[in-house]
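Take a look at the letters that make up each chain.
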Amino acid sequence: MPTPSNHSFSVDTLTDPSNGLITLDGAFDGQTVNVSGYYTTNDGGGGTFYWDAGNLDSANDGTIFTGATPAAGRWKRIFSNTVDVKWFGAKGDNVTDDTVALQKALDFVAIHAYDLHLSMGTYRVTTPASGTHVLLLDLYQRNTLNIFGDGTAQSVIHYDADLSNPNANCDVFKILGTIGNTFEISNFSVLGNNNANVRGRGLSLEYMTTVTARNLKLQLLDTGIYLKDVLSSNFLNVSCNYCRVGVEGKGEGGRPGPNDFGVLPPNLINFTSGYLSSNFSYGAILSRLHSVTFLASSFEGNGAQGDSGTGGLYCYFDAANGANGININNCYFEGNAGGADITVDNAGSGTHTFSGNTFNRLNATAYTINNILINGNGSNPATFGLSRTKLVFLGNGFLVANSYVADAGRKTIQLQDGGSYGQFDVVEESNVYTGIVDAPAFSSKTPQLSETTRVKAFGRFNSDGSPLSSYNVASCQQVATGVYNVYYANPMSLTVAGTPALVGSVGHIYISYEDPTYIQVAITDTSAAPMDSRFTLAVY
């Protein structure tokens, strides 16, 4: 073994009790040593150290070590910018309990200006004997921090929960912040055990602003990601699968201290290219949300058949923090079960937008009652004034195929006004429905904004019903004297309003019947006797 009398020397490990670095003192101040590993050579925990003679800083088992004589000085690691969890003794072999070593690394970066690397490995952590978390990072003293792995398959935190322990359903990785934090977390997984009794909240983010989470996978947990008082944040390519709930967000407030920002429900949050699938209750639950957007994300196989309290995405909106609620754009919903692919419990006046989404009900044994359910039954009109909630449905596709059979009792879009609710305003434009059986049938109390401003069909017809010109008209059939059925080329998804007018005749013309497939026009003379006549018809 090299001796510390050399100017620079090498040892195999830090901790070997016979010849590790901790068994040696430096020969002089500033002497350097190259260490090949923490426990064994090339295990990722080695590095270069120098001897700081006379220094009595506390050893932390990662960047500062004592030598043979604690009072003589300290061995200090030479590094810059980034800290590796293996420097603090984490093995990442999925056998060793790495809880303590990971916590030492987190405690270090919480107060020093370094990022943290969760290098390749599977880090087994276990249920705490007491407390509410396995791992804790408190950013109260840090403004910025980046924690990153080498990929979701390469860097894994494995929560080996003790199901007999009452603390099993704790936070696996809890991160506390405050106003002004800029935090990025990326490229690793948090996985539970592969059993039916999932436990733990994989990643718990609390009291935080400006979070960026990228390329994360959370599986086999009670809750994949838990957000408490989080705002102005982005989640990119995050996957939550086989949990009770994939993502849960709420606002409760209550972090003590000078930077306590009170209650901040999930707001100004973007989820992009997320994959929320096979979660037993919901893909996501967001309470009292404001300006939350899901973009190009997939919700598949969430919920439980026959349980209306489960589904794809659940949102509660009360307009407490703003008038914009949920925005679902270019997302994919398939194979969810329970109440709805998207449920919005609406208790405040605001807007919700659903644009460019695909909804597929393809299986006779796993399907939702509705694709989109907007529930205003719990709303209090006293909180609305003259405002009503605006709903925008634009360019969505609703598919029914394979073994699923459409049912009029399971509408694609269902609005529940409630006896005390001040109604919805609806913009419904360019949506595609497989058929008319489960196409939305909005209440006549519900103003359909686009339907009152856009011509859905138009025709100019001879007295025998033959069209002179038309738009979205398949045919016009004279079924009796003065009675004409005008059939649409494309069935209407909404209750429509028709405006007929006589051409070249004096009498009366009115709409006698309408449904999504055709509208019936009746013509009488001035004495109310049926008569044939040319006419025009515009349908809005």
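Please read all numbers here as calculations on a predicted model, not as lab measurements. (Residues numbered from 1 in each chain as written. Predicted model: local features only at pLDDT ≥ 70, side-chain atom pairs only at ≥ 80, totals over all residues. Heavy atoms only, no water.)

To continue, consider the overall build of the protein. A count of helical and extended segments in the protein gives 1 helix and 43 strands. By residue count, 52% of the 540 residues in the protein fall in the buried class. Carbon together with sulfur atoms contributes 51% to the accessible area of the protein, which is approximately 21,100 Å² in total. (Helix = DSSP H or I, 4+ residues; strand = E, 2+ residues; numbered from the N terminus. Buried < 20%, exposed > 50% of the residue type's maximum accessible area, 1.4 Å probe, protein only. Areas by Shrake-Rupley, 256 points an atom, 1.4 Å probe, with all protein chains shown as cover.)

Each turn of an α-helix holds 3.6 residues, which means side chains three or four residues apart point in the same direction. For helix α1 (residues 99-111), with 13 residues, the first-to-last C-alpha span of 19 Å sits near the 18 Å given by 1.5 Å per residue. Residues Thr99, Ala101, Leu102, Gln103, Ala105, Leu106, Phe108, Val109 and Ala110 constitute the buried set of α1. (Expected span 1.5 Å × (residues − 1).)

A few words on unusual backbone geometry. Despite not being glycine, Asn42 shows a phi value in the positive range, around 60 degrees. Residue position: Asn42 is located in the loop between β2 (32-37) and β3 (47-53). Given the relative accessible area of 71%, Asn42 is considered exposed. Phi angles above zero are rare outside glycine, and Tyr207 is one such case at about 55 degrees.

What follows deals with the confidence of the model for the protein. Per-chain confidence: the protein averages 88 in pLDDT, with 89% of residues scoring 70 or above. Within the protein, strand β34 (residues 424-429) has the poorest average pLDDT of any element, 81, and strand β9 (residues 121-126) the best, 98. A low-confidence stretch, residues 379-386 stays under pLDDT 50, and its non-local contacts, those more than four residues away or across chains, total 13 contacts. (pLDDT = per-residue confidence, 0-100. Contact = heavy atoms within 4.5 Å.)

This next bit is on a nonpolar patch on the surface. Together, Val455, Phe458 and Tyr471 make up an exposed nonpolar region whose accessible area comes to about 260 Å². Along the chain, Val455 falls in the loop between β35 (432-433) and β36 (457-461). (Patch = residues over 30% accessible without salt bridge, like charges linked within 9 Å, V, L, I, M, F, W, Y side chains within 5 Å. Salt bridge = Lys/Arg side-chain N within 4 Å of Asp/Glu carboxyl O.)

Of all hydrophobic cores here, the largest spans 81 residues; its most connected members are Leu137, Phe173, Phe183 and Phe294. Among the elements that make up this core, the one with the highest residue count is α1 (7 residues). Not counting residues up to four positions away in its chain, the partners in contact with Phe294 are Phe271, Leu276, Ala284, Leu286, Phe299, Leu313, Ile326, Asn327, Ile328, Asn329 and Cys331. Tyr484, Ile519, Val521 and Phe535 belong to the second largest nonpolar core, which has 16 residues in total. (Core = buried A, V, L, I, M, F, W, Y, C linked by side-chain atoms within 4.5 Å.)

In this section: the sheet that holds strand β41 (residues 508-514). Within the open sheet, the 4 strands sit side by side as β38-β39-β42-β41. Their pairing is antiparallel. The open sheet has two edge strands with one neighbour each: β38 (473-480) and β41. Averaged over all adjacent pairs, the angle separating strand axes in this sheet is 25 degrees, with direction ignored. Pairing between strand β39 (residues 483-488) and strand β42 (residues 518-524): 5 bridges, direction antiparallel. Within the sheet, the bridge partner assigned to Tyr484 lies in β42 and is Val521. (Pairing = 2+ DSSP bridges. Axes fitted to C-alpha atoms, helices over the stretch in contact; angles between N-to-C directions.)

It is worth spelling out the packing of aromatic side chains at this point. The full count for this structure, using the stated rule, is 24 aromatic pairs. Their ring planes at 10 degrees and their centres at 5.3 Å tell us that Phe354 and Phe393 sit as a pair that is stacked. Of this pair, Phe354 sits in strand β28 (residues 351-355) while Phe393 sits in strand β31 (residues 389-394), placing them 39 residues apart in sequence. On the basis of relative accessibility, which here comes to 0%, the residue Phe354 falls in the buried class. Through pairs of rings, three or more aromatic residues link up here, namely Phe235, Phe271, Phe294, Phe299, Phe333, Phe359, Phe398 and Tyr433. The positively charged end of Lys91 is found above the aromatic ring belonging to Tyr39, 4.6 Å away from the centroid. In this structure, Arg201 is placed above the aromatic ring of Tyr226, and the distance from its NZ or CZ to the ring centre is 3.7 Å. (Phe/Tyr/Trp six-rings, centres within 6.5 Å; stacked < 30°, edge-to-face > 60°. Lys NZ or Arg CZ within 6 Å of the ring centre and 35° of its normal.)

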